[in-house]
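What the coordinates show
Chain residues, written in single-letter form:
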Amino acid sequence: MKTLVIAEHNSENLSAATLSVVDAAKKLGRDIDLLVANNSCSSVLDEAKSVEGVRTVLNFSHEKFTNEIAEDIAACVVSVKDDYDFFLTSSSTSGKNNLPRVAALLDIQQISEVTEVLDEKTFKKPIYAGSCIATVQSTQEKNALTIRTTSFEKANAAGGSANVITKDVPETESRKSGFVKNELTVSDRPELTSADIVVSGGRGMQNGENFALLEAVATKLNAAVGASRAAVDSGFVPNDYQVGQTGKSVAPNLYIAVGISGAIQHLAGMKDSKTIVAINKDEEAPIFKVADYGLVADLFEALPDLESKL
């Protein structure tokens, strides 16, 4: 039996998260196939078949995949279920949307946020907002796993020579949802989950206009801009900036937390960063317990000083 990785893409390029999922799949020691649901995206297929370690690319091509709906993706996966005993995707928004439906249709329990593959039935995953790591063992014949991509390396995007097999797109019966609109934040900055440097702001930024101070530093560093849930809930920035348990997980080489107290829910999404720098005027803030470097200062003075010296 084999492992099926559900690919993520933007209709032009394969997601970097998918490369990390392929790396996780390799640790299961089985042949790896890649499922690409797309609307005639030849560039994505070319990238998919070049990923090192992938044996076959399953091409499901239809105009309805222009905008991804979980029912459509799940139907494709279920149509080939007999050939696979592992179904993997990233723990991104897309993965969290698609794989639970696949698991339900297969009548199996999903194992979420896997950070380590010990063997084909034993996995590690964070619980309690990342404060504990659970080792879980599955007794199921088939398993659905979402992968925390920050815990794995990226598979080589070149060097592979997978076969591409075009599959018939199954009909989706009794679909009760439909695409309404897609709101994306367009930015020239690196994508948050793959950026080498991330600068994040919290409630201490006080309002959305003050995020311009972070933007100035991020521009000098070529960094992505993130935020805590408190900043997002306060309307300072869009929710796709959110880093944390209910947002995005990041593991950059440098994470700068500005005006962020360090609630455990936020730490769950960034504590795997290689180097953490905290700027906060409260010297008792929990963020300093995980920071490699801490600056107790008023951020409205520290940020302009930092920006001027970069």
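Refer to the structure printed above.
Please read these numbers as outputs of a predicted model, since none were measured by experiment.

Per the secondary structure count, the protein chain includes nine helices and 15 strands. Since a compact globule built from 310 residues should have a radius of gyration of about 19 Å, the 20 Å found for the protein chain is in line with a globular shape. Judged by the C-alpha coordinates and their principal axes, the protein chain covers about 60 × 40 × 40 Å. By the burial criterion, 47% of the 310 residues in the protein chain qualify as buried. Of the contacts formed within the protein chain by residues at least 6 apart in sequence, a portion of 65% connects residues at least 24 apart. As presented, the protein chain carries roughly 15,200 Å² of accessible surface, and 45% of it is formed by carbon and sulfur atoms. Positive and negative side-chain charges in the protein chain, numbering 30 and 42 respectively, have mean positions lying 3 Å apart.

The next subject is helix α9 (residues 299–309). The periodicity of an α-helix, 3.6 residues per turn, causes residues three or four positions apart to be oriented the same way. What α9 keeps buried is the set Leu-299, Ala-302 and Leu-303. Buried residues of α9 fall within an arc of 95° about the axis and therefore sit on the same side. The exposed set on the far side of α9, more than 90 degrees from its buried face, consists of Glu-301 and Lys-309. Along its buried surface, α9 packs onto α5 (211–221), β13 (254–258), β14 (275–280) and β15 (293–296). Where α9 starts, the residue carrying a side-chain oxygen 2.9 Å from the main-chain nitrogen of Phe-300 turns out to be Asp-298.

The three strands are arranged β6-β7-β8 in an open sheet whose pairing can be described as antiparallel. Each of the sheet's edge strands pairs with one partner strand only, and the pair in question is β6 (116–119) and β8 (132–137). Pairwise comparison of adjacent strand axes, ignoring direction, gives a mean angle of 30° for this sheet. Pairing analysis gives three bridges linking β6 to strand β7 (residues 122–127), with the strands arranged antiparallel. Paired with Glu-116 across the bridge in β7 is Lys-124.

A few words now on the packing of α5 against α9. Running from N to C, α5 and α9 cross one another at 25°; their axes reach a closest spacing of 9 Å. One finds that α5 runs roughly parallel with respect to α9. In terms of crossing hand, the pair formed by α5 and α9 is left-handed. Residues Leu-213, Leu-214, Ala-216, Val-217 and Lys-220 of α5 form the contact with α9, whose own contacting residues are Phe-300, Leu-303, Pro-304, Leu-306 and Glu-307. Here the contact of α5 with α9 is composed, by residue class, of eight nonpolar, no polar and two charged.

Within the structure shown, the criterion is met by 15 salt bridges. Here Lys-220 ties to Glu-307 by a salt bridge, and the two come within 3.0 Å at their closest N and O atoms. Placement of the pair is Lys-220 in helix α5 and Glu-307 in helix α9, with a sequence separation of 87 residues. Looking at Lys-220, the relative accessible area reads 43%, which means it is partly exposed. Beyond isolated ion pairs, a larger network of salt bridges with shared partners links Lys-2, Asp-31, Asp-33 and Arg-55.

So, about the nonpolar core. Residues Leu-34 and Leu-88 are the most contacted members of the largest nonpolar core, which totals 30 residues. Looking at this core, the elements with two or more residues in it are α1 (16–26), β2 (32–38), α2 (42–49), β3 (54–61), β4 (84–90), β5 (110–114) and β9 (143–147). The element contributing the most residues to this core is α1, with five residues. The residues contacting Leu-88, other than those within four sequence positions of it, are Thr-3, Leu-4, Val-5, Ile-6, Val-21, Ala-24, Ala-25, Leu-28, Leu-145 and Ile-147. Core analysis: the next-biggest nonpolar cluster, separate from the first, contains 22 residues, Ile-197, Val-217, Ala-218 and Tyr-241 among them.

Turning our attention to unusual backbone geometry. Phi is positive for Ser-40, which is not a glycine, with a value near 55°. As for its placement among the helices and strands, Ser-40 is situated in the loop between β2 and α2. On the basis of relative accessible area, Ser-40 is assigned to the exposed category, the value being 60%. Not every positive phi belongs to a glycine, and Gln-206 is a case in point at roughly 75°. Structurally, Gln-206 is set in the loop between β11 (197–201) and α5. Relative accessible area serves as the criterion here: at 53%, Gln-206 is assigned to the exposed category.

Conventions adopted
Residues numbered from 1 in each chain as written. Predicted model: local features only at pLDDT ≥ 70, side-chain atom pairs only at ≥ 80, totals over all residues. Heavy atoms only, no water. Helix = DSSP H or I, 4+ residues; strand = E, 2+ residues; numbered from the N terminus. Rg over C-alpha atoms; globule rule 2.2 N^0.38 Å. Buried < 20%, exposed > 50% of the residue type's maximum accessible area, 1.4 Å probe, protein only. Contact = heavy atoms within 4.5 Å. Areas by Shrake-Rupley, 256 points an atom, 1.4 Å probe, with all protein chains shown as cover. Lys, Arg positive; Asp, Glu negative; His and termini not counted. Charge placed at Lys NZ, Arg CZ, Asp CG, Glu CD. Arc of directions from axis to C-beta. Polar contact = N/O pair within 3.5 Å; in protein donor to acceptor, adjacent residues only side chain to side chain. Pairing = 2+ DSSP bridges. Axes fitted to C-alpha atoms, helices over the stretch in contact; angles between N-to-C directions. Parallel < 35°, antiparallel > 145°, perpendicular 65-115°, else oblique. Left-handed = near helix turned anticlockwise from the far one by under 90°. Nonpolar A, V, L, I, M, F, W, Y, C, P; charged D, E, K, R; others polar. Salt bridge = Lys/Arg side-chain N within 4 Å of Asp/Glu carboxyl O. Core = buried A, V, L, I, M, F, W, Y, C linked by side-chain atoms within 4.5 Å.

The values reported here are purely geometric and, on their own, carry no functional implication.
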